[in-house]
Each structure stands twice: as C-alpha cells, then as structure tokens.
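This is what each chain is made of:
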Amino acid sequence: MSKKFALITGAGGLLGPEHASALAEIGFNLILLDVNKKKLIQKTKVLKKNFPNIEIYSFSCDITSEPKIKKLSHLLKKKKFSIDVLINNADVNPKMDKKINFYTGRIEDYRIKDLKKELDVGLVGTFICCKIFGSQMSRKNYGIIINIVSDLGLLAP
C-alpha cells in the first residue's frame, strides 16, 4: 500500500488523529485537513514521529468552501496523489458554557448562526468532500468513503 492515500477531515481534533493512526498502521499515507492550523500542526508532528515510514501531508483548509477543496484537489492531482479513502470527520464541537456564550443548553437560547455553522461543517463540508474526492474515486472505479457522526447527534452535551 505504499502509494495508497487516505484523506481525513477534522484531523486536528479528537478523533481525526485516531483514524489517521489506524490507517497509518496498515500502511496508508495520510493527507490531513483541519481549519485549525495550530492543532493540525501539533497532531501532524505526533503522527510523523509515530509513523516515520508513512508520507504525511497536512493542509489547513475550510471544507465548507467548494473552491478551496477544488484547489486542494488540483494540488493533490499535480503531486500525483490519488485519494483511496476519504474519512469525513470534521465537525463543530459546540460549547454550552454560560460564562462564555450565555447558553443555558435550552433550544430557545441556541443561536441560529451557530446552528448554520454546524450544518455547514457537518453536512455541507461532508457533501463537498464527497462530491470532489468521490467523483475522483468513481472515475478510477475504486474508493472508500467513511462519514463519521458524533454521538452528540443523539445525546446533547
């Protein structure tokens, strides 16, 4: 699998590095995406240390922007990287902290702009990545897409 690549969104978060480690253990090279550049760099350093024989590339990228994902896709094609596995893991982790956001956890206190951001990342971003990288997989007649959903979709924080 030396030239197999897995792309993981939300790679700077809690679960993204776990998915990356699992794939690296079985020989996948990694392309890591996250909007939080600082966390992405930290997680990438750890992965590179733990998996020195795996190619690992990281990009700070907003998956809710189709033009940015298209640009990244073109860059990866230019480098002759073909995505074999796409893990849509990016999500927004809302904080229900009264001191910071004046939230009580009640729906009437939840801001619509926060809901829209969660939908943009969790649904629209996932759709964009599936559209762009999935179409590439379709053309080569091979690929795996895994969409990760948090348990917070079922149980409120």
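Source: prediction; values computed, not measured. (Residues numbered from 1 in each chain as written. Predicted model: local features only at pLDDT ≥ 70, side-chain atom pairs only at ≥ 80, totals over all residues. Heavy atoms only, no water.)

Judged by how many residues are buried, strand β2 (residues 29-34) sits mostly within the fold: 6 of 6 residues are covered. Where burial is concerned, the two faces of β2 agree: the one with N29, I31 and L33 and the one with L30, L32 and D34 are both buried. Pairing of strand β1 (residues 5-8) with β2, which is carried by 4 bridges, proceeds in the parallel orientation. Note on β2: the bridge partner recorded for A6 is L30. Considered for its hand, the β-α-β crossover made up of β1, helix α1 (residues 16-25) and β2 is right-handed. Across 5 bridges, the pairing between β2 and strand β3 (residues 56-60) is parallel. When the sheet's bridge partners are listed, L30 is paired in β3 with I56. You can see the chain leave β2, run along helix α2 (residues 37-50) and come back into β3, and the turn it takes is right-handed. (Buried < 20%, exposed > 50% of the residue type's maximum accessible area, 1.4 Å probe, protein only. Helix = DSSP H or I, 4+ residues; strand = E, 2+ residues; numbered from the N terminus. Pairing = 2+ DSSP bridges. Right-handed = clockwise from strand over helix to strand, strands pointing away.)

Next up on the list: the nonpolar core. Membership of the largest hydrophobic core comes to 20 residues, with the highest contact counts inside it found for L7, I31, L33, I69, L76, I83 and F133. Looking at which element gives the most residues to this core, the answer is helix α5 (residues 112-140), with 6 residues. Apart from the residues lying within four places of it in its own chain, the contact partners of I83 are F5, L7, I31, L76, F133, M137 and K140. A6, A11, L23 and I56 belong to the second largest nonpolar core, which has 16 residues in total. (Core = buried A, V, L, I, M, F, W, Y, C linked by side-chain atoms within 4.5 Å. Contact = heavy atoms within 4.5 Å.)

Our focus in this paragraph is α1. The element α1 is largely enclosed, with a buried count of 7 among its 10 residues. Among the residues of α1, G16, P17, H19, A20, S21, L23 and A24 are the ones counted as buried. Tucked into the core, α1 has its buried residues touching β1, β2, α2 and β4 (83-88). Looking one or two residues beyond α1, the residue adopting positive phi is G27, at roughly 100°.

It is worth spelling out the packing of aromatic side chains at this point. In this structure the tally under the stated criterion is 3 aromatic pairs. Their ring planes at 40° and their centres at 4.8 Å tell us that Y57 and F81 sit as a pair that is tilted. Taken together, the residues Y57 in strand β3 and F81 in the loop between α3 (66-78) and β4 connect sequence positions 24 residues apart. Classification of F81 as buried rests on a relative accessible area of 12%. The structure contains a cluster of three or more aromatic residues connected by ring pairs, namely F5, Y57 and F81. (Phe/Tyr/Trp six-rings, centres within 6.5 Å; stacked < 30°, edge-to-face > 60°.)

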